[in-house]
Amino acid sequence: MKTLSIIAAAWLIVLSSCCPQNAELGDPLPKWKPGYFDVHQISTGRGNAALMVLPDATTMMVDMGDLGDVSKKKKEIMPVMPNASKTAAQWAAKYISRVLDEIGRDKVDYALITHFDTDHVGAWYMKDGELTKSGFAEIEDMIHIEKLVDRGHTYPDADALKVRAGNLVTHHLEYLEYRKSKGLKYEKFVVGSSEQFRLLKSPQKYPEFKIQNIYASGQLWTGNGLETIDLVPGEGEEKLANEKKMNENRNSCTINISYGDFDYHNGGDIQGVKPNAPNQWLDIERKVGEFIKEVDVAVANHHSFSDAMFAPFLEITNPQVCIIPVWDYYHPQPRPLSNMLRAGVSDKERDIYSAGLVESNRTRLAEDGAKIHPSGHIVLRVYKGGKEFQVFVLDDTTTDTPTIIYKSPIYTPRN
């Protein structure tokens with residue numbers, strides 16, 4: 001009898017570490033456990049900010065945006081969430097610190113800047129006559145980030161990048177010098193690498209988990225070593241002219257994460273083009289989609305603006321779930337939302353979650369807008385081994401520990 005009791009207790013431990021937990025609306029998110037892969041898409045009202053907790057408690061941020069001064073915006077934009085008493089970085093730091101405390105960590109191991117736009121890296125702006133930092137440069141004062149990765153500062157050349165992204169890149173380089181003076185690590189994103197972001201604590205326990213670098217700055221991985229294909233055509237002057245058409249969004253670092261049968265896509269702000277438009281080589285979204293094939297969860301490319309989330313990409317990748325980081329009237333747009341709901345779906349409409357959403361846009365989107373689940377912090381939780389996953393929406397209006405306002409059913413990866 002004692003032996004049976006020991007066996008039963010052991011099975012309870014196993015089951016509790018790999019199976020979905022009971023959680024009711026109004027409860028805090030159940031705590032992360034070893035073997036879980038969590039992605040927190042944090043709603044700040046000012047830009048993209050995500051924290052990942054990998055299966056062995058390695059941690060990784062993807063973007064920390066801040067639009068800066070929004071006083072001249074003509075359409076509705078979200079306030080800083082949960083309120084204006086702190087900046088977006090300060091609120092994100094509080095959220096991230098709480099998660100780190102729960103998992104027994106005191107730092108973020110990696111941070112990826114997908115590209116140099118303010119809603120992904122932060123803005124430098126004048127406030128009360130002084131230059132004010134935000135985004136990554138601001139959160140660095142509150143959260144220790146061990147290694148920072150971006151797409152590099154020389155494509156097509158440093159001066160052209162500074163012209164394209166304005167003073168933002170100049171200040172970003174100053175921020176990198178500050179990190180260097182502190183002995184903190186910086187690396188350029190390596191297309192084709194699956195080692196740049198790897199499990200640091202217990203990699204041997206989760207051999208089925210991998211973060212794969214897919215694309216950045218016009219270079220698409222071939223699937224062979226670190227070999228890439230240059231998607232920007234031409235030679236000489238023609239090549240230079242085409243490189244100028246590669247706006248900051250189209251250069252975004254793109255990663256795919258696999259965990260057992262589960263697959264996750266984050267392409268930053270990569271864009272597509274209409275099927276009959278000229279310069280089809282600019283359809284970065286479709287090229288990436290053709291390479292990665294089917295995924296289970298996709299972060300919406302370019303916040304599902306009118307130049308992204310075209311039907312061909314969704315028909316190829318066919319995610320079960322799309323997550324949209326948004327904060328203003330223009331995201332998502334009607335056509336991309338319709339595609340996300342229906343393109344490539346045969347039996348039912350796809351599940352759409354938004355980290356933030358202004359009410360005027362939900363109203364404009366009419367019936368399709370009503371199909372987006374309640375907005376807030378979106379937490380994707382992939383259970384041990386990648387055999388099941390679930391989505392939780394947390395209240396983004398509270399200054400305390402956010403509670404669950406929506407939870408999805410359990411999804412099963414297709415592969």
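Refer to the structure presented above.
All figures in this text were calculated on a predicted structure; none of them were measured in a lab.

### A word on the pattern of salt bridges
- Per the stated rule, a full pass over the model turns up 16 salt bridges.
- Between Asp38 and Arg381 there is a salt bridge, and its shortest N-O distance comes to 2.7 Å. You can see Asp38 sitting in strand 1 (residues 37-41) and its partner Arg381 sitting in strand 17 (residues 377-382), a full 343 residues away along the chain.
- We classify Arg381 as buried; its relative accessible area is 1%.
- Across the pair Lys371 and Asp368 runs a salt bridge, and its minimum N-O distance is 3.9 Å.
- The class of Lys371 is partly exposed, set by a relative accessible area of 31%.
- Accessibility expressed as a relative area gives 14% for Asp368, which makes it buried.
- Counted as one network, the salt bridges with shared partners bring together Arg342, Glu349, Asp368 and Lys371.

### Structural notes on the pairing of strand 16 (residues 351-355)
- Most of strand 16 is tucked away: five of the five residues are buried.
- Residues Asp351, Tyr353 and Ala355 of strand 16 are buried on one face, and the alternating residues Ile352 and Ser354, pointing to the opposite face, are buried as well.
- Where strand 15 (residues 321-325) meets strand 16, five bridges bridge the pair, whose relative direction is parallel. Following the sheet pairing, Ile324 is matched in strand 16 by Ser354.
- A crossover links strand 15 with its parallel partner strand 16, the connecting element being helix 10 (residues 334-342), and its sense is right-handed.

Calculation rules
- Residues numbered from 1 in each chain as written.
- Predicted model: local features only at pLDDT ≥ 70, side-chain atom pairs only at ≥ 80, totals over all residues.
- Heavy atoms only, no water.
- Salt bridge = Lys/Arg side-chain N within 4 Å of Asp/Glu carboxyl O.
- Helix = DSSP H or I, 4+ residues; strand = E, 2+ residues; numbered from the N terminus.
- Buried < 20%, exposed > 50% of the residue type's maximum accessible area, 1.4 Å probe, protein only.
- Pairing = 2+ DSSP bridges.
- Right-handed = clockwise from strand over helix to strand, strands pointing away.

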